[in-house]
Amino acid sequence: MNENILGIVAGVLTSISMIPQLIKVIREKNVEDISLLMLLVLISGLSLWVWYGFKKYELPIIISNSFAVLVNISLLICYMKYNKK
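The following refers to the structure shown. Since this is a predicted model, take the numbers as computed values, not measurements. (Residues numbered from 1 in each chain as written. Predicted model: local features only at pLDDT ≥ 70, side-chain atom pairs only at ≥ 80, totals over all residues. Heavy atoms only, no water.)

## Quick look at the environment of I5
Condition: Strands are runs of DSSP state E lasting at least two residues, helices are runs of H or I lasting at least four, and both sets are numbered from the N terminus onward. Classification of residues uses two cut-offs on accessible area relative to the type maximum, computed with a 1.4 Å probe and protein chains only: under 20% is buried, over 50% is exposed, and between them is partly exposed.
Among the structural elements, I5 can be located in helix α1 (residues 3-16). For I5, a relative accessible area of 46% corresponds to the partly exposed category. In this structure the C-alpha to C-alpha distance between I5 and K84, which are 79 residues apart in sequence, comes to 43 Å.

## Observations concerning the environment of S64
Put simply, the test is: Whether two residues are in contact is decided by their heavy atoms, any of which lying within 4.5 Å being enough.
Topologically, S64 is positioned in helix α4 (residues 59-82). By relative accessible area, S64 is classed as buried at 14%. Sequence separation between S64 and M18 is 46 residues; the distance between their C-alpha atoms is 13 Å. Excluding residues within four positions of it along the chain, S64 makes contact with G11 and S15.

## Some words on unusual backbone geometry
Not every positive phi belongs to a glycine, and K29 is a case in point at roughly 55°. Of note, K29 is situated in the loop between α2 (19-28) and α3 (36-56). Judged by its relative accessible area of 45%, K29 is partly exposed. Positioned with a positive phi, Y57 is a non-glycine residue whose angle comes to about 55°. Here Y57 is to be found in the loop between α3 and α4. The class for Y57 is exposed, based on a relative accessible area of 74%.

Next up, the structure:
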């Protein structure tokens with residue numbers, strides 16, 4: 001398999017991986033089973049990947065990880081909105 005295709009497929013799958021969780025949280029308005037620490041670490045790591053992509057001028061890395069950051073920030077906003085603690 002071509003390594004560019006492999007990278008694109010990996011980026012797409014990684015980027016969309018949290019969308020089902022986001023949809024579930026929005027529908028149920030329940031974030032009890034979501035770890036705030038996990039979200040913060042994930043957003044930090046994805047943000048570093050975006051920075052790395054800019055340093056290496058790698059558009060697939062920048063685009064896929066930027067999208068993943070936005071999805072996870074949306075989940076973080078839902079966490080803050082729906083957290084009952």
